[in-house]
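Residue-level structural notes
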Amino acid sequence: MGLAIRYQIYSRPHLNADGVHGAWLFVLSPILNGLAWWWYFGQPGMWPLIAIGATAVAFLGGFILLLVGRDYDSKVDEIGGS
């Protein structure tokens with residue numbers, strides 16, 4: 001009987017276009033949210049509240065895009081067997 005075939009797998013993740021957009025949303029939306037809150041405290045109104053809501057949704061959307069916007073490059077090598 002021969003030995004079982006063994007494989008070694010190398011995988012490298014990287015962000016695709018959706019992942020890059022998600023990263024930008026994930027980083028910039030909290031900054032813009034802080035500016036929207038500053039605007040709201042300086043001049044309460046409907047538009048600052050809309051900006052606060054939009055940046056909150058952008059943050060969550062950016063997080064999701066960052067998770068799903070990945071591609072993987074994999075290489076499989078046979079390292080032993082019969």
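For the structure, check the block above.
Bear in mind that the values here come from a model prediction, so they are computed numbers and not experimental data.

What follows concerns the overall build of the chain. The number of helices and strands found in the chain is two helices and two strands. The order of helices and strands in the chain, counted from the N terminus, is β-α-α-β. Its C-alpha atoms give the chain a radius of gyration of 23 Å, more than 25% over the compact-globule value 12 Å for 82 residues. Summarising its shape, the C-alpha atoms of the chain cover approximately 80 × 20 × 15 Å along the three principal directions. Across the 82 residues that make up the chain, the buried fraction comes to 13%. Considering only contacts in the chain between residues 6 or more positions apart, those separated by 24 or more positions represent 82%. If you sum the accessible surface of the chain, you get close to 6,400 Å²; carbon and sulfur atoms cover 70% of it. Counting 4 positive and 5 negative side-chain charges, the chain places the averaged centre of each group 7 Å from the other.

The next thing to look at is the side chain of N33. In this structure, N33 sits in helix α1 (residues 17-42). Here N33 is in contact with I52, T55 and A56, once residues within four sequence places are set aside.

Okay, the packing of aromatic side chains next. Scanning the model with the defined rule gives five aromatic pairs in all. With centroids separated by 6.0 Å and ring planes inclined at 55 degrees, the aromatic side chains of Y40 and F41 adopt a geometry described as tilted. For F41, a relative accessible area of 62% corresponds to the exposed category. Through a chain of ring-to-ring contacts, three or more aromatic side chains come together here, namely F26, F59 and F63.

So, how was this worked out
- Residues numbered from 1 in each chain as written.
- Predicted model: local features only at pLDDT ≥ 70, side-chain atom pairs only at ≥ 80, totals over all residues.
- Heavy atoms only, no water.
- Helix = DSSP H or I, 4+ residues; strand = E, 2+ residues; numbered from the N terminus.
- Rg over C-alpha atoms; globule rule 2.2 N^0.38 Å.
- Buried < 20%, exposed > 50% of the residue type's maximum accessible area, 1.4 Å probe, protein only.
- Contact = heavy atoms within 4.5 Å.
- Areas by Shrake-Rupley, 256 points an atom, 1.4 Å probe, with all protein chains shown as cover.
- Lys, Arg positive; Asp, Glu negative; His and termini not counted.
- Charge placed at Lys NZ, Arg CZ, Asp CG, Glu CD.
- Phe/Tyr/Trp six-rings, centres within 6.5 Å; stacked < 30°, edge-to-face > 60°.

Such coordinate-based values are descriptive only and should not be taken to indicate function.
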